[in-house]
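Per-entry structural report
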Amino acid sequence: MVAKMLVLPIIIPLSAALLSFAIRERFRRVQAAISLSAALLNLLVALKLFKTSFEFVLPWAGFGIEFSLKSQHFSNFIVLASAGFAFLVCLYSVAFLQYRKTYKLFFAFLLLAVSFTNGAALADNLLVLLFFWEGLLLALFGMIAIGNKGAFKTAIKAFIIVGISDLCMMLGVALTGSLAGTLTISKINLPLDGLGSIAFTLLMIGAISKAGAMPFHSWIPDAAIDAPLPFMALVPAALEKLLGIYFLARLSLEMFRLTPASWVSIMLMIIGVITIVLAVMMALIQKDYKKLLSYHAISQVGYMILGIGTAVPAGIVGGLFHMLNNALYKSGLFLSAGAVEKQAGTTDLEKLGGLGKKMPLTFICFCICAASISGVPPFNGFFSKELLYDGALQRGWIFYALACAGSFFTAASFLKLGHAAFLGKLGPDKEKLKEVAAPMLFPMVVIAFLCVIFGVFNFLPLNIFIQPILGSERLGAHNFSGFPADLKLVAVTIAVLLAALLNHYFGVKTKGSALKAVDHIHYALGLSAIYALAEKRFFDPYNLGLKIARRVGKIAFCWDRKINWLYDCFIVNLTFALSGQIRRWHTGNYSTYLVWSLIGSCIITLFFVFSL
Amino acid sequence: MLSGLILLPFFSLIILNLPFRALMRRLSFGLFQCLALAQIILVLSPSVFLSGSSSFGVDRFFKFNLINDNLTRLMLLCIGMVLLVTVFVCRYTIKGPSERFNFINLLLIALIGTNGVVMANDIFSLFVFMEITAVASFILVAFHKKADALEAAFKYIILSEFAAVLMLTAIALLLFICGSASFPAINAALKNSPQNFLIMPAIGIFLCGLFVKAGLVPFHAWLPDAHSAAPAAVSVFLSGLQIKILGAYTAIRLVTSVFGYSRPVTQILMLVGSVSIIFGGLAALRQSDFKRMLAYSSISQVGYIFLGLGSGSALGLLGAVFHLFNHAVFKSLLFVNAAAVEAQAGTRDMDKMSGLAARMPLTGLTSLLAGLSAAGVPPLAGFWSKLIIVAALWISGHYVYAFAAVLGSLITLAYILSLQRRVFFGKIKAEFQEVKEAGFALALPALVLAAITVAVGIIFPFLAQMPKF
């Protein structure tokens, strides 16, 4: 009876989504009501599920493929978190999307995304997981595609990038299944040797690309511009991060025994720091509110991957805590971007300024979230980053140094963003701006509040959500709640933050504008050329892939023309020449024909004579 | 009873030419129809042949020693079928009552000849019946006494008589060696003295004669002229039946039960067969005359029969006989379509036609079915026979010939599609706007033959037991 409750987090949003598709465009309020109540119901079910542990198995397709769901602590936590974000974003979207044409489709896809996320989090069979995983891609595609004009192209881009990595994951699922002899996730326990590490890598590609790490990131900045904004706050900022890191953590904690000694651990950490540094460098020079945030959405994933990759308890706890924190403040930041877009009509930083006076609550929420992401004590981001630094330092100073550099640029870019958008002079046409409506304000306030709570009382999330994931066996005697133990690391962090502040002050003084505060880095020797290329998407793996595909296509086309010539010209002309010749031989002269017959008979008769 | 199949047409011929000409003229068409239908029914009803003795007692007066096996029965079925179609076409295309009467008389002679060929059990009767058929064919080709038809008939006579000379020579040699003309006797004698210096040349010379009759390359030159210049109904008979009865059936009969599969025989059969397939197909590709293209196609398709026969295996033989039957069906059908197009559009030049399928949908559809069957497109009948032939060649290790057979199939598809495109597809030309579907006399045979092609193709794979010969 109770075990069947496990299906509810999948069924409720799914049926609401299908209902939304069916409702006519005119009945917006009905549709909003259905979506909101479904999201709320989903949240209640998730709350009820938390702290339970069930299994639900339905024989499905044979060959060991069972529709099996399993509620355990980690899955329940993901379901609960995504349900919370889904409800908040749903509420926000009702006000945000008020007059958009795509209103109905957006809610339908949103609920679909929630349903598939829940399914993927609860799945206990790799194929079932894969099914929901791909389903999420469908919802993702739909939500991007209903954005503004260029959105369809971006949707295709996202679809191809995520699709390719999902293909890797499919291979990984197949390989894992054949190595382990079962597809049930909770029964898989493989060593990280030759084939095992290949299987891990393939599955990991699926996980980190869902989370949006480099080099599978390049659709996110495009989607930030093209897709409806609540999509960014929900899917890339929250759901996909939660799901991707959830799967990565289960991979490295349960299915494969990741140890600090294995090369896979090093690989994960390298991916992590590269993602942190490169993405934050790109974020630094952005001149658009949403685009800047989207690069941070990529950069922060690096911290989580780095944390899990360290394979030491401090790092893993830090990575998972960072996952939760990031989902919170990144959603909050995107929601604030939505508030600005809604009220000011643009997110271009050059046209913004001085909004703080007109939208004080939004500004406060932004400040809290920005402080969190920059790692300012006592907000939640500070504590998870300290844990990460601790873990990284245990594995090598270079990882620690690069992570700190990432922090520096994060702080610098948010100083620039906040200064340029909310402080400074108010544009002449922005005099009549007001604070946003309550349904949009409420989610932001809740999220900002949680950022503070999870920071000041960090034992709450750590003890309730995060540390049980590792279990007492892995965690040992550690308890990471409370203020960081290593004060030296805290001192370094504060020094980095102060350096960022100084850098900002210096930039504003020399260039005279908040927007140009980081121009001395942007146009530094050597960097400016690289930046120029990056702005032209020279380093975008998707564009590189497209270029290669085009080259290959050209070569294939040339080759195809050659083959075509062989078939269409050579053979046809040869045949026609032969048949024309044959036609010319038939002169209609019977004596010629008689001669042919005579010669033929002679040859055949002679053949028979000589065959004796 | 078997002898009745020769005697009945013979007496019909005599009765038709007694006095009461006016009455006989009216009766002739129905009489011939009845004879052909009776032949089909007799062949299809199994009990008749089982009772060896005749119920009419004619055997007392005419001592016939005839073959009665499945191969002969299948040939008799083909003869009945194609001649029935021929007489339908003649009813539509030959309008004058006296001309039609003459035509039917000639067809009766052809019926006697072909029936005799497939039932003859000695080599000399075989030759005589072949010449009976040939003489009727000469006159049929020149029936309208037009210049090109007369010229074609003349060429046909020259080459056919050349073949007759060859065959007579061979028969004389065989008689000299074996002392008897009957098939079993010759076969026994050949087995006794396989190293006789005269046997191999005799067989070779006889086969050359058969190649002329079958129209294989390089003995084919009479065929395109005769088949395209002849009246429409005659083309159906010649291409659909005559070359296969005189050439292919005779070769099958003689090789299987008289000459035996010696190495040179199979080699020559396969070589000539594959050369004919490729050569005939290539020649057909560039023709602009509807019937001439079909005539070249006949050369190519008869090549398949010889190729299957030459593979020397039971499977190949099955393929050859099956293809013989299929070819009789689809080539007759194509010539019926050609007759319809020629009668309605008034021309045989394919370059002048276009889009006729819009005005003659039935003709277009049936010719497409027949053409695809010829090209060996599944699930039509031609696919299975070609498949069997290719498989037999492959199994017996003749990879080059198997390749030639497949290549020939591709060429067939090329010219068939070119024919369809030029005649039936595309936009209809203004001068053909008023063209109508040909009448019942052509539509009925076309439909029946198309149905046979499709039905045989679909049923064939389900036939558990293959016919035995």
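Above this text you will find the structure in question.
Residues numbered from 1 in each chain as written. Chains lettered and ligands numbered in written order. Predicted model: local features only at pLDDT ≥ 70, side-chain atom pairs only at ≥ 80, totals over all residues.

1. Notes on the overall build of chain A
Heads up, the condition is: In this description a helix means any DSSP run of H or I spanning at least four residues, a strand means any run of E spanning at least two, and both kinds are numbered starting from the N terminus. Exposure classification rests on a simple neighbour count of other C-beta atoms within 10 Å of a residue's own: a residue reaching 20 or more is buried, one at 12 or fewer is exposed, and one in between is partly exposed. C-beta atoms are placed from the backbone. Residues are treated as contacting if the C-beta atoms built from their backbones sit within 7 Å of each other.
When its secondary structure is counted, chain A shows 23 helices and 2 strands. Here chain A holds 612 residues, and the buried ones make up 53% of them. Of the contacts made within chain A by residues no fewer than 6 positions apart, 79% connect residues no fewer than 24 positions apart.

2. Considerations on the packing of helix α23 (residues 590-610) of chain A against helix α7 (residues 147-178) of chain B
This is how the line gets drawn: Axis lines are fitted to C-alpha atoms, over the contacting stretch for helices. Their N-to-C directions set the angle, which ranges from 0 to 180 degrees. Small angles under 35 degrees read as roughly parallel and large ones over 145 as roughly antiparallel, with 65 to 115 read as roughly perpendicular and the rest as oblique. Helix crossings fall into two classes, left-handed where the near helix is turned counterclockwise from the far one by less than a right angle and right-handed where it is turned clockwise. Note on residue categories: nonpolar means Ala, Val, Leu, Ile, Met, Phe, Trp, Tyr, Cys or Pro, charged means Asp, Glu, Lys or Arg, and polar means any other residue, Gly included.
Packing of α23(A) against α7(B) leaves a shortest axis separation of 10 Å and a crossing angle of 20°. It follows that α23(A) is roughly parallel to α7(B) by the angle criterion. Crossing handedness for the pair α23(A) and α7(B): right-handed. Contacts between α23(A) and α7(B) pair Y590(A), Y593(A), L594(A), S597(A) and S601(A) from the former with K155(B), I158(B), L159(B), F162(B) and L166(B) from the latter. Here the residues of the contact of α23(A) with α7(B) sort into 7 nonpolar, 2 polar and 1 charged.

3. Structural notes on the interface of chain B and chain A
The interface of chain B with chain A comprises 26 residues on the first partner and 22 residues on the second. Put simply, the parts of the chain that give the side of chain B that touches chain A at least two residues each are α7, α9 (199-214) and α12 (263-285) of chain B. Broken down by element, the residue count for the side of chain B that touches chain A peaks at 8 residues, all from α9(B). Looking at side-chain class alone, the side of chain B that touches chain A contains 22 nonpolar, 1 polar and 3 charged residues.

4. So, helix α2 (residues 28-49) of chain A
Residues and elements named next belong to chain A. Put simply, the rule is: How far a helix is expected to stretch is found by multiplying one less than its residue total by 1.5 Å. By arc we mean the arc of the directions from the helix axis to the C-beta atoms, nothing more.
Over its 22 residues, α2 extends 31 Å from the first C-alpha to the last, a length consistent with the 32 Å expected when each residue adds 1.5 Å. Every buried residue of α2 is listed here: Q31, A32, I34, S35, A38, A39, N42, L43, V45, A46 and L49. Down the axis of α2, the smallest arc covering the buried residues is 165°, so these residues share one side. Residues of α2 that are exposed and point over 90 degrees away from its buried face: R29 and A33. On its buried face, α2 sits against α1 (8-22), α3 (73-96) and α4 (103-122). A positive phi of about 75° marks K51, the residue just after α2.

5. Structural notes on unusual backbone geometry
All names here are of chain B. Going from V217 to P218, the amide bond is cis rather than trans, its omega being 5°. Considering the arrangement of structural elements, one finds P218 in the loop between α9 and α10 (222-229). Along the chain, P378 connects to P379 via a cis peptide bond; the corresponding omega equals 5°. Position of P379 relative to the elements: it lies in the loop between α15 (361-375) and α16 (381-395). Of note in the backbone geometry, K145 takes a positive phi value of approximately 55° without being a glycine. Turning to its location among the elements, K145 is positioned in the loop between α6 (123-141) and α7. Looking at K145, the number of C-beta atoms within 10 Å reads 8, which means it is exposed.

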